[in-house]
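Inside the fold
The chain contents come next:
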Amino acid sequence: MDAGVLADHQIKAMIADARIGAASPILNDQVQPASLDLRLGDVAYRVRASFLPGRDRTVMQRLEDLTMHRITLTGGAVLEKGCVYVIPLMEHLRLPEGMTAAASAKSSTGRLDLMTRVITDDGVEFDRVPEGYDGPLYAEICPQSFSVLAQPGQSLNQVIFRQGHTFLSDAELAAVHAETPVVTGDPVISEGLGFSVDLRPESGDLVGYRAKHHSGLVDLARVNHHAPEDYWEEVRTSQGRIILDPGAFYILVSREAISIPPGYAAEMAPYLAMVGEFRVHYAGFFDPGFGWDGAGGAGSRGVLEVRCHEAPFVLEHGQIVGRLVYERMSARPAALYGRAIKSNYQGQGLKLSKHFRS
């Protein structure tokens, strides 16, 4: 197998070889162009605090010390805002030598401000599965803005599989852009592709949304259902800047349209302190084909999930707020992100999660 991020048909081969197993048969629609959707199991453990197991300790051993109560998800259960839960996932892994895995919140999960991270036995990092790992997976979930109604089988996280070295150098990314542009305008390439915030839309003055503090429940099973005005305040400006409130959560959009060509995947890099008093995105993955013309994605923007920290912060139009790190694929996927697999956010602009009426 060539070095790179595994493609959909390679993930299916791992399932067939029992390298990826599950308590319930894995469904075809769980396999994305470069990732696998992970499903919630049927119980949740309400814990006192977030934790990592640490070396030579299992998640279940730590749960014996930290669990406050056990919740059955069958039929639906409320995960309350501000509380921490650990949920065993249906899937488990048996990775071969030379292969690692990395997890991330799915796009809709991040847009709900639903902090969710994967942990493993003996784990010393969130969302990282070490080479040769053989064991179960767990989701740690902490709703930040809205309480949610969750059920078994729902997918809040996804996982990619990396064989060997996958990341592009800046020179390699510049060469890819010269052949197939990865961004509109002149690229800002430094340890990945820099992107900025759009606070001067082509029409109107709507630039984003801010989560309301005292909203109702979000039912994760209901798509295009909830009224946006019950959960979000519109953020408008005609001045090309906004002031972020400490502790507030915002949905904004990138100024640039982004493209992920078929032979590549990308990851939103974690927040860097030097860009300001805020965090952007839950380090999500972008599948091959996102924003790519050939998959119907021309003009796709990056949606930014922004949380302000200790001090109010003035955010200006065009300010660099994050970066995308590109990775090579081990093989071209059989299906690309886009219309063919009914992807929710191809060709997107400023957009809330799929749970809200558009």
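One can find the structure itself at the top, above this paragraph.
The sections below set out a description of the structure shown in this document. (Residues numbered from 1 in each chain as written. Predicted model: local features only at pLDDT ≥ 70, side-chain atom pairs only at ≥ 80, totals over all residues. Heavy atoms only, no water.)

**Some words on the overall build of the protein chain**
Helices and strands together make up the secondary structure of the protein chain, namely four helices and 26 strands. Since a compact globule built from 358 residues should have a radius of gyration of about 21 Å, the 20 Å found for the protein chain is in line with a globular shape. By its C-alpha atoms, the protein chain is 55 × 50 × 35 Å across when sized along the principal axes. With 358 residues in all, the protein chain has 55% of them scored as buried. Within the protein chain, contacts between residues separated by at least 24 positions form 81% of all contacts whose residues are at least 6 apart in sequence. Surface accessibility of the protein chain: about 15300 Å² in total, with carbon and sulfur atoms responsible for 48%. Mean positive and mean negative side-chain charge positions of the protein chain (34 and 43 charges, respectively) differ by 4 Å. (Helix = DSSP H or I, 4+ residues; strand = E, 2+ residues; numbered from the N terminus. Rg over C-alpha atoms; globule rule 2.2 N^0.38 Å. Buried < 20%, exposed > 50% of the residue type's maximum accessible area, 1.4 Å probe, protein only. Contact = heavy atoms within 4.5 Å. Areas by Shrake-Rupley, 256 points an atom, 1.4 Å probe, with all protein chains shown as cover. Lys, Arg positive; Asp, Glu negative; His and termini not counted. Charge placed at Lys NZ, Arg CZ, Asp CG, Glu CD.)

**Concerning the environment of methionine 329**
Of note, methionine 329 is situated in the segment after strand S26 (320–328). Sequence spacing of methionine 329 and leucine 6 is 323 residues, and the spatial spacing of their C-alpha atoms is 6.2 Å. The residues touching methionine 329, leaving out its near neighbours within four places in the chain, are Ala3, Gly4, Val5, Leu6, Ala7, Pro33, Ala34, Pro262, Gly263, Tyr264, Ala265 and Pro288.

**Notes on empty space enclosed by the protein**
Overall, the coordinates contain two cavities of 30 Å³ or more when judged by the stated rule. Its volume calculated, the second largest cavity comes out at about 50 Å³. Around the second largest cavity sit Val5, Ala34, Ile160, Ala265, Ala266, Phe285, Phe286, Asp287 and Glu327, which together line it. Of all the secondary-structure elements, those providing two or more residues to the lining of the second largest cavity are strand S21 (264–268) and strand S23 (285–286). Looking at the lining of the second largest cavity, its residues break down into seven nonpolar, no polar and two charged. (1 Å grid on protein atoms, 1.4 Å probe; cavity = no way out; pocket = protein on both sides within 12 Å on 5 of 7 lines; lining within 4 Å. Points joined across faces, edges and corners; volume = space filled by probe spheres on them. Nonpolar A, V, L, I, M, F, W, Y, C, P; charged D, E, K, R; others polar.)

Just geometry here; none of it tells us what the structure is for.
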